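Structural overview for review
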Amino acid sequence: MTVRKNQASLTADEKRRFVAAVVELKRSGRYDTFVTTHNAFILGDTDNGERTGHRSPSFLPWHRRFLLEFESALQSVDASVALPYWDWSTDRSARSSLWAPDFLGGTGRARDGQVMDGAFAASAGNWPINVRVDGRTFLRRQLGANVRELPTPAEVESVLNTVIYDMAPWNSASDGFRNHLEGWRGVNLHNRVHVWVGGQMATGVSPNDPVFWLHHAYIDKLWAQWQRRHPGSGYLPTGGTPDVVDLDETMKPWNDVRPSDLLDHTAHYTFDTD
Ligand code: CU1
Ligand code: CU1
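As a starting point, this report considers the structure included with it.

Analysis parameters
- Per-chain numbering applies: the sequence of each chain, read as written, is numbered from 1 onward.
- Each chain gets a letter, beginning with A, and each ligand a number, beginning with 1, in the order they are written.
- At least 70 in pLDDT is required for a residue's local features to be given in this predicted model, at least 80 for side-chain atom pairs to be given and counted, and no such filter applies to totals for whole chains, interfaces and linings, which use all residues.
- Derived side-chain values reflect all non-hydrogen atoms in the structure, with water molecules and hydrogen atoms excluded from consideration.
- Metal-coordinating donors are taken as N, O and S atoms lying within 2.8 Å of the metal, or within 3.2 Å when the metal is Na, K or Ca; because water is left out, some sites can appear incomplete.
- Helix numbering and strand numbering both begin at the N terminus, where a helix is a DSSP run of H or I of at least 4 residues and a strand a DSSP run of E of at least 2.
- In this scheme, a residue with accessible area under 20% of its type's maximum is buried, one over 50% is exposed, and one in between is partly exposed, where area comes from a 1.4 Å probe on protein chains only.
- Every definition here rests on a 1 Å grid over the protein atoms only: cavities are sets of points where a 1.4 Å probe fits but cannot get out, pockets are open sets enclosed by protein on both sides within 12 Å along at least five of seven lines, and lining residues have some atom within 4 Å of a point.
- Grid points are joined across faces, edges and corners, and a volume is the space filled by probe spheres set on the points.
- Each residue gets one label: Ala, Val, Leu, Ile, Met, Phe, Trp, Tyr, Cys and Pro are nonpolar, Asp, Glu, Lys and Arg are charged, and the others, such as Gly, are polar.
- For this analysis, a salt bridge means a side-chain nitrogen from Lys or Arg found within 4 Å of a carboxyl oxygen belonging to Asp or Glu.
- The directions from the helix axis to the C-beta atoms form the arc being described.
- Between two residues, a contact is recorded if the distance between any of their heavy atoms is within 4.5 Å.
- By nonpolar core we mean a set of buried residues, namely Ala, Val, Leu, Ile, Met, Phe, Trp, Tyr and Cys, connected to one another through side-chain atoms within 4.5 Å.

Observations regarding the coordination of the copper ion (ligand 2)
Here the copper ion (ligand 2) is held by the protein donor atoms His190 (NE2), His194 (NE2) and His216 (NE2), which lie 2.0 Å from it. Read N to C, the donor residues that coordinate the copper ion (ligand 2) are spaced as H-x3-H-x21-H. Taken as an interatomic distance, the gap from the copper ion (ligand 2) to the copper ion (ligand 1) is 3.9 Å. Here histidine 190 is found in helix H6 (residues 190–197), whereas its partner histidine 216 is found in helix H7 (residues 211–229), with 26 residues between them in sequence. As far as the burial class goes, histidine 190 and histidine 216 line up, both buried.

Below you can see the structure in the form of structure tokens.
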């Protein structure tokens, strides 16, 4: 069984294996298919059709499935690898070991935001940005430049205490746990972290930055914590709602999985805190 660990407690060998598996997916071309899928579902989310990946109730199950596919791809390279999670509420500094050269590398240089160290620096030759929103082919970050502070543990607590999963109008204007976690309303957890990292992370092609997976692994963990705290609350809406994915409707692009299939993460993996 896959155990997802806090990235701060990974051994040097676990970090090395994770980075090597990510780089191998990039080399083989599989990595960029994930970036393309994510960007399509950012764009698709803003047209008049069904909202699936973002600004909708299925934000959490959509990303749970997306992460499962990525983790499975990593494990096809190295069966010992699991997705780590980044608890940005406690590990909240640009000097964290997360950003060290032996793991994800650090912030970008002042001139153009180019990441200069670690395996994902342009100079290391492993990490061309092929799926991009502009002409820049290098990984960029501006840690803490666009928003100063990452969410605090008290802010996380306040969101975990929200009782109702989601509510009409089931979008970025909704009250409820999903939208407060996603960040369009209230204290803003998920969106703020994307902006704090900056560079590609602040765009639809955010999976170009490997920290995307560690950020979403923590968002996924917060969903599991919320479920445990509110056993009487569940995924909403349960049925008959236009333009969003109801509990038993299938999600694009997979079309073989429903939110109701993804409510129990322990069918696939556990967290080191479970
Ligand atoms: Cu996303
Ligand atoms: Cu995200």
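Quick notes on the coordination of the copper ion (ligand 1)
Within the first shell, the copper ion (ligand 1) binds the protein through His38 (NE2), His54 (NE2) and His63 (NE2), at distances of 2.0 to 2.1 Å. Here the donor residues for the copper ion (ligand 1) map to a single chain with the spacing H-x15-H-x8-H. Histidine 54 sits in the buried class, given a relative accessible area of 6%. Judged by relative accessible area, which is 4%, histidine 63 ranks as buried.

Regarding the layout of surface pockets
In this model, the second largest pocket occupies a volume close to 200 Å³. If you go around the second largest pocket, you meet 15 residues; those closest to its centre are Val3, Glu14, Ser80, Val81 and Ala82. Those elements that provide at least two residues to the lining of the second largest pocket are strand E1 (2–4) and helix H1 (12–28). Among the elements that take part in the lining of the second largest pocket, H1 stands out by supplying three residues, more than any other. Across the lining of the second largest pocket, the residue classes tally to nine nonpolar, three polar and three charged.

Focus: the pattern of salt bridges
The full count for this structure, using the stated rule, is 23 salt bridges. In this structure, arginine 136 engages aspartate 134 in a salt bridge whose closest nitrogen and oxygen atoms are separated by 2.8 Å. Aspartate 134 sits in the partly exposed class, given a relative accessible area of 27%. Between glutamate 182 and arginine 178 there is a salt bridge, and its shortest N-O distance comes to 2.9 Å. On the criterion of helical spacing, the pair formed by glutamate 182 and arginine 178 is a turn pair, its members being four residues apart in helix H5 (residues 177–182).

Brief notes about helix H4 (residues 153–160)
Taken together, the buried positions of H4 are occupied by Val156, Val159 and Leu160. The arc that holds every buried residue of H4, seen down its axis, measures 100°, which confines them to one face. Where H4 is buried, its residues touch H5 and H7.

Observations regarding empty space enclosed by the protein
Overall, the coordinates contain one cavity of 30 Å³ or more when judged by the stated rule. Here the largest cavity defines a volume of roughly 40 Å³. Taken together, Phe59, Leu60, His63, Arg64, Leu67, His216, Ile219 and Asp220 make up the full set of residues lining the largest cavity. Elements with a minimum of two residues in the lining of the largest cavity: helix H3 (59–77) and H7. Taken together, the residues that form the lining of the largest cavity break down as four nonpolar, two polar and two charged.

Here we look at the nonpolar core
Of all hydrophobic cores here, the largest spans 71 residues; its most connected members are Trp86, Trp88 and Trp213. Only H1, helix H2 (30–43), H3, H4, H5, H6, H7 and strand E2 (269–271) provide two or more residues apiece to this core. When residues in this core are grouped by element, the largest group, 11 residues, is from H7. Excluding anything up to four places from it in sequence, tryptophan 213 contacts Tyr31, Phe34, Phe66, Leu67, Phe70, Leu83, Pro84 and Pro207.

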